[in-house]
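Residue-level listing of the chains:
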Amino acid sequence: MDSQPARSFLRDDRSDARRRAANLRITGTDVSGESSGPSCVITTDSEGRRLARQSSHVQSIELRTYVFLDSLQPQLASYMGTVSHGFLPIPGDACLWLEVSPGMAVHRVTDIALKASTVRLGQMVVERAFGSLALYHRDQSNVLHSGDVVLEAIGSRVELRSRCEVTWTEIIRAITPDHAVLINRQNRRGSMIQAGMSMFILETEPAGYVLIAANEAEKGSNITVVDVKAVGAFGRLTLAGKEGDVEEAAAAAMRAVAQINAGSRA
């Protein structure tokens, strides 16, 4: 005699469960109620550990170099194009150069930057200890926005980038023919240096800072860009021209370095 009420009670329970399930929205590992009813998160122990570990890894990325170039100068843009494996820069593009540690972290940083705006990836280098990337766009705001999103994701600020240490700087005047020939044989991507020219050389650590030095030097003087190496343990810049022009270019490059250090950690 009691079987009919029991079956009715079970049907009511099942109907309530179906209604509750219909009001749930499932996104990834999150399950939340659409209405004012209860909500919950379903995450396995292993998944929770993975997500926490992934977040911890991103937050542990060290920002070594953050260089924003508001307008790439013609020679530097052409030089960077010769070593670019991605989209080629053109004069006038805005450029953001980032260097991070450890080296493999550059893939995560690249992914974040490219998904943040419509910037184009021109270069990505994974070294043993460091990773570097170059982003380009005609619109400066796009480049800056991607940079801001990266900084927020890794929990850093521009002020926390490494200082620019100048390990060597010198102007060599009236270079000899033998010296000029060997420099030209070693550096095939930039313009050639000619005997009798003066030469400005700069070496920095981290490497990426030579880019802003080169860009500002080209803005400030009529010089020839011979070599710009922005990856590796040290960055190396070689410029050439008339003695007076080289002196002006060297001064502009060193002002750029001083500006970097004025806004970086001690």
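Residues numbered from 1 in each chain as written. Predicted model: local features only at pLDDT ≥ 70, side-chain atom pairs only at ≥ 80, totals over all residues. Heavy atoms only, no water.

## Some words on the overall build of the chain
Turning to step 1, where the next piece is worked out: When its secondary structure is counted, the chain shows eight helices and 11 strands.
Turning to step 2, where the next piece is worked out: Residues classed as buried in the chain amount to 41% of the 266 residues present.
Turning to step 3, where the next piece is worked out: Considering only contacts within the chain whose residues lie at least 6 apart along the sequence, 69% involve residues at least 24 apart.
Turning to step 4, where the next piece is worked out: Accessible area of the chain: about 14,400 Å², with a carbon and sulfur share of 53%. (Helix = DSSP H or I, 4+ residues; strand = E, 2+ residues; numbered from the N terminus. Buried < 20%, exposed > 50% of the residue type's maximum accessible area, 1.4 Å probe, protein only. Contact = heavy atoms within 4.5 Å. Areas by Shrake-Rupley, 256 points an atom, 1.4 Å probe, with all protein chains shown as cover.)

## Side note on the confidence of the model for the chain
Turning to step 1, where the next piece is worked out: Scored by pLDDT, the chain has a mean of 86; 78% of the residues are at 70 or more.
Turning to step 2, where the next piece is worked out: Counting contacts from residues 24-44, a segment whose pLDDT is below 50, to residues more than four positions away or on other chains yields 26 contacts. (pLDDT = per-residue confidence, 0-100.)

## Some words on the sheet that holds strand 9 (residues 198-205)
Turning to step 1, where the next piece is worked out: With antiparallel pairing, the four strands of this open sheet are ordered in space as 8-9-11-10. Each end of this open sheet is capped by a strand with a single partner; those strands are strand 8 (165-172) and strand 10 (224-229). Ignoring strand direction, the axes of neighbouring strands in this sheet form an average angle of 10 degrees.
Turning to step 2, where the next piece is worked out: As paired strands, strand 10 and strand 11 (residues 235-241) are joined by five bridges and run antiparallel to one another. Looking at the pairing, Lys-229 lines up with Arg-236 of strand 11.
Turning to step 3, where the next piece is worked out: Where helix 7 (residues 209-220) meets the sheet, its contacts fall on strand 9, strand 10 and strand 11, and the angle it forms with strand 11 comes to roughly 15 degrees. (Pairing = 2+ DSSP bridges. Axes fitted to C-alpha atoms, helices over the stretch in contact; angles between N-to-C directions.)

## Side note on the environment of Ile-175
Turning to step 1, where the next piece is worked out: Here Ile-175 is to be found in the loop between strand 8 and helix 6 (177-186).
Turning to step 2, where the next piece is worked out: On the basis of relative accessible area, Ile-175 is assigned to the buried category, the value being 3%.
Turning to step 3, where the next piece is worked out: For the pair formed by Ile-175 and Gln-194, sequence separation is 19 residues and the distance between their alpha carbons is 7.8 Å.
Turning to step 4, where the next piece is worked out: For Ile-175, the residues in contact, after removing those within four places along its chain, are Ala-180, Ile-183, Ile-193, Gln-194, Ala-195, Gly-196, Met-197 and Met-199.

## Some thoughts on helix 7
Turning to step 1, where the next piece is worked out: For helix 7, with 12 residues, the first-to-last C-alpha span of 17 Å sits near the 16 Å given by 1.5 Å per residue.
Turning to step 2, where the next piece is worked out: Among the 12 residues that make up helix 7, nine are buried, leaving the element largely enclosed by the rest of the structure.
Turning to step 3, where the next piece is worked out: Turning to helix 7, its buried residues number three or more, namely Tyr-209, Val-210, Leu-211, Ile-212, Ala-213, Ala-214, Asn-215, Ala-217 and Glu-218. (Expected span 1.5 Å × (residues − 1).)

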